[in-house]
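# Structural overview for review
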Amino acid sequence: MSATENKSDLINVDLKTGRVVIRLRPDIAPLAAERIRTLAAEGFYDNTPFHRVIQGFMAQGGDPTGTGTSGSKLPDLKAEFTRAAKFERGTMGMARTMNPDSANSQFFIMFEPSPHLDGQYTIVGQVIEGMDHIDQIKRGAGQSGMVQDPDRIIKMRPADAEA
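This section reports on the structure supplied with the text. (Residues numbered from 1 in each chain as written. Predicted model: local features only at pLDDT ≥ 70, side-chain atom pairs only at ≥ 80, totals over all residues. Heavy atoms only, no water.)

A few words now on helix α1 (residues 30-42). Relative to the 18 Å expected for 13 residues at 1.5 Å per residue, α1 spans 18 Å between its end C-alpha atoms, a close match to the ideal helical length. All buried positions along α1 are accounted for by A32, A33, R35, I36, L39 and A40. Projected onto a plane normal to the axis of α1, the buried residues spread over an arc of 160° and lie on a single side. On the buried face of α1, the contacting elements are β1 (10-15), β2 (18-24), β5 (91-94), β6 (107-110), β7 (123-129) and β8 (155-158). At the C-terminal side of α1, G43 shows a positive phi close to 80°. (Helix = DSSP H or I, 4+ residues; strand = E, 2+ residues; numbered from the N terminus. Expected span 1.5 Å × (residues − 1). Buried < 20%, exposed > 50% of the residue type's maximum accessible area, 1.4 Å probe, protein only. Arc of directions from axis to C-beta. Contact = heavy atoms within 4.5 Å.)

The backbone of N47 sits at a positive phi, close to 65°, despite the residue not being glycine. On the secondary structure map, N47 appears in the loop between α1 and β3 (52-54). Phi is positive for D149, close to 50°, though the residue is something other than glycine. Looking at the secondary structure, you find D149 in the loop between α2 (131-135) and β8.

Evaluated as defined, the whole model comprises 5 aromatic pairs. Summarising the aromatic geometry, the rings of F50 and F107 are spaced 6.3 Å apart at their centres and angled 85° between planes, so their arrangement reads as edge-to-face. Of this pair, F50 sits in the loop between α1 and β3 while F107 sits in strand β6, and the two are 57 residues apart along the sequence. Classification of F50 as buried rests on a relative accessible area of 2%. Aromatic pair F87 and F108: ring centres 5.7 Å apart, planes at 20°, arrangement stacked. (Phe/Tyr/Trp six-rings, centres within 6.5 Å; stacked < 30°, edge-to-face > 60°.)

Next up on the list: the pairing of β1. The element β1 is largely enclosed, with a buried count of 6 among its 6 residues. Of the pairings in the sheet, the one linking β1 to β2 comprises 6 bridges and is antiparallel in character. Considered in β2, the bridge of I11 is made with I22. Connecting the antiparallel pair β1 and β2 is a turn made up of 2 residues. (Pairing = 2+ DSSP bridges.)

Written as structure tokens, this is what we have:
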């Protein structure tokens, strides 16, 4: 079965405006794809905010504290940078600190292509349905893009874990 047909690589993200489907990319980021899948299966992402949202750039979530400084209890991941995929509209990348090996649970989804990120951040997935719902996420203010009263993920689960 090819990766495009493997339901275990699909993640359903329910937002207030509707469902987003993300296809994980274990072919280029096996560690990050497994992390997202594991945390989604545990319900880790449920009710977490999109705490940093920058118009024309990206929406970032995956931090239960909503501060951008926290993650899961699991250890940080080794960087899985590639030039085999690019940061295009709908690309899901792993957020990190200045340390390349610091990705944990936070991720971001691109509103627009951002070639300056190519090879600098781990690409973990691609939105394949519902990008219009990503486009409706409440934007933040200023250069930091921090959002007051942010939109939240209602529920995020692997597609094959749902009835």
